[in-house]
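Coordinates in review
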Amino acid sequence: MKTRITELLGTRYPIVQGGMQNVGYAELAAAVSNAGALGIITALTQPTPEDLEREIRRCREMTDQPFGVNLTILPTIKPVPYEEYARVACEAGIKVVETAGRNPEPFMPLFKEYGVQVVHKCTSVRHALKAESIGVAAVSVDGFECAGHPGEDDIPNLVLLPAAAAKLKIPMLASGGIGTGAQMAACLALGADGINMGTRFMATKEAPIHDNIKQAIVAASELDTALIFRPLRNTARVHRNAVAVKVREIEQEAGKDLDFEMIRDMVAGTRGKVALSEGDVDYGIWTSGMVQGLIHSIPSCEELVQQIISDCQQVIRERLSTLL
């Protein structure tokens, strides 16, 4: 399957595994890339830039296919040496970097110097156009359905994708709430050149997280996510577990008087990391999108990619063509 995304990324299929904190390790990235999609190592999952360099080397031992690095630029409790992480990726020969969070413009000269293709994740048309104007190679347009940070506009992909496609000239990935071939066909019809999946790749055999987490995703419905940090205007969609429910209660009680310190210990990234690695679903918050309601199995990455491509082609060939 060829699109502007496969031509840009050098992959067989227009599918990208998005960056995921405490999930995007070499094992998953390599498996996704070996399946013909683009695997992504999450830079900030590595404690230091030096650790990222080692993780990139480790991934290269498992695949000879293209893979990328995610650099998410967000406010953090402790300062993060973003430029050092970016430079490590460049000097290690990474040719695709997925950026997210804040504007990546300060890093663009470095990426251009090393010939890196930047795919910026956006949650609105205006942000996508801004990313295009600073020279990114493609954008990943993230609808309200997504896991992680959906922005503050609350626009779902059925509206957001065609709105962005109508104004963008660069390739566009559809991101957020996607996990089936039929959805991929719909995204292509709405103007996307490929898809970006996070939660769906969490529920795969190679995902380096505890099986309890994978089973929780399979068991969940589309109703089992929670939006937290809304009063702080830093909304995050997470799996609806005991911690997320308690955080929501505190936020609702505090209202406009909410201070991050009221929930800081509950939402600490270290707790979420333990939940993912040790399998205590309710120990900390961890991100999961509404697409979990469409996830009913835990295949290998190879099986998943092949199924999505096959189903996508079948929908286009057998359902849509018969309507003409």
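Look up a bit, the structure's there.
This text gives an overview of the structure that appears in the document. (Residues numbered from 1 in each chain as written. Predicted model: local features only at pLDDT ≥ 70, side-chain atom pairs only at ≥ 80, totals over all residues. Heavy atoms only, no water.)

Paired through backbone hydrogen bonds, the strands of a sheet run either parallel or antiparallel to each other. Ordered in space as 1-8-7-6-5-4-3-2, the eight strands form an open sheet in which the pairing is parallel. In this open sheet, the two strands that pair with only one neighbour each are strand 1 (15–17) and strand 2 (39–42). Within the sheet, the average angular offset between the axes of one strand and its neighbour, ignoring direction, is 25°. Pairing analysis gives five bridges linking strand 3 (residues 67–73) to strand 4 (residues 96–101), with the strands arranged parallel. The residue of strand 4 that forms the bridge with Asn 70 is Glu 98. (Pairing = 2+ DSSP bridges. Helix = DSSP H or I, 4+ residues; strand = E, 2+ residues; numbered from the N terminus. Axes fitted to C-alpha atoms, helices over the stretch in contact; angles between N-to-C directions.)

Remark: helix 8 (residues 181–189) packs on helix 13 (residues 301–320), axes separated minimally by 7 Å, with the N-to-C direction vectors making an angle of 60°. One finds that helix 8 runs oblique with respect to helix 13. Helix-helix and strand crossings are classified by hand; for helix 8 and helix 13 the assignment is right-handed. Every residue of helix 13 that contacts helix 8 at Gly 181, Ala 182, Met 184, Ala 185 and Leu 188 is listed here: Ile 308, Ile 309, Asp 311, Cys 312, Val 315 and Ile 316. The residue inventory of the contact of helix 8 with helix 13, partitioned by class, reads nine nonpolar, one polar and one charged. (Parallel < 35°, antiparallel > 145°, perpendicular 65-115°, else oblique. Left-handed = near helix turned anticlockwise from the far one by under 90°. Contact = heavy atoms within 4.5 Å. Nonpolar A, V, L, I, M, F, W, Y, C, P; charged D, E, K, R; others polar.)

This next bit is on the nonpolar core. Judged by nonpolar contacts, the single largest core of 77 residues is most densely connected at Ile 15, Phe 111, Val 139, Ile 195, Phe 201, Met 202 and Trp 286. Ignoring any residue separated from it by four or fewer positions in sequence, one finds Phe 111 in contact with Ala 86, Cys 90, Val 97, Thr 99, Val 116 and Val 118. Counting 14 residues, the second-largest nonpolar core is a separate cluster that includes Val 243, Ile 250, Leu 258 and Ile 263. (Core = buried A, V, L, I, M, F, W, Y, C linked by side-chain atoms within 4.5 Å. Buried < 20%, exposed > 50% of the residue type's maximum accessible area, 1.4 Å probe, protein only.)

Here we take up the pattern of salt bridges. A complete count under the given rule lists twelve salt bridges for this structure. With a closest N to O distance of 3.1 Å, Asp 193 and Arg 4 form a salt bridge. Highlighted residues: Asp 193 in the loop between helix 8 and strand 8 (194–197) and Arg 4 in helix 1 (residues 4–9), separated in sequence by 189 residues. The partly exposed category is assigned to Arg 4, whose relative accessible area is 36%. Salt bridges sharing common partners tie together Glu 27, Glu 55 and Arg 58. (Salt bridge = Lys/Arg side-chain N within 4 Å of Asp/Glu carboxyl O.)

With that settled, consider the environment of Pro 171. Here Pro 171 lies in the loop between helix 7 (157–165) and strand 7 (172–175). Not counting the four nearest positions on each side in its chain, Pro 171 is found in contact with Arg 4, Ile 5, Ala 137, Ala 138, Val 139 and Asp 193.

This next bit is on unusual backbone geometry. The backbone phi angle of Phe 229 is positive, close to 70°, even though this residue is not glycine. With respect to the helices and strands, Phe 229 occurs in the loop between strand 9 (225–228) and strand 10 (236–239). One non-glycine residue, Arg 233, lies in the positive phi region at around 55°. Among the secondary structure elements, Arg 233 is positioned in the loop between strand 9 and strand 10. With a relative accessible area of 61%, Arg 233 lands in the exposed category.

To continue, consider helix 7. Listing the buried residues of helix 7 in full gives Asn 157, Leu 160, Leu 161 and Ala 164. Buried residues in helix 7, looked at end-on, bunch into an arc of 95°, giving them a common side. Looking at the buried positions of helix 7, the neighbouring elements they touch are helix 6 (125–133), strand 6 (138–142), strand 7 and helix 8. (Arc of directions from axis to C-beta.)

For Asp 193, a relative accessible area of 11% corresponds to the buried category. A polar contact is formed between the side chain of Asp 193 and the side chain of Arg 4, at a distance of 3.1 Å. Apart from residues no more than four positions distant in its own chain, Asp 193 is found in contact with Thr 3, Arg 4, Ile 5, Pro 14, Pro 171, Met 172 and Leu 188. (Polar contact = N/O pair within 3.5 Å; in protein donor to acceptor, adjacent residues only side chain to side chain.)

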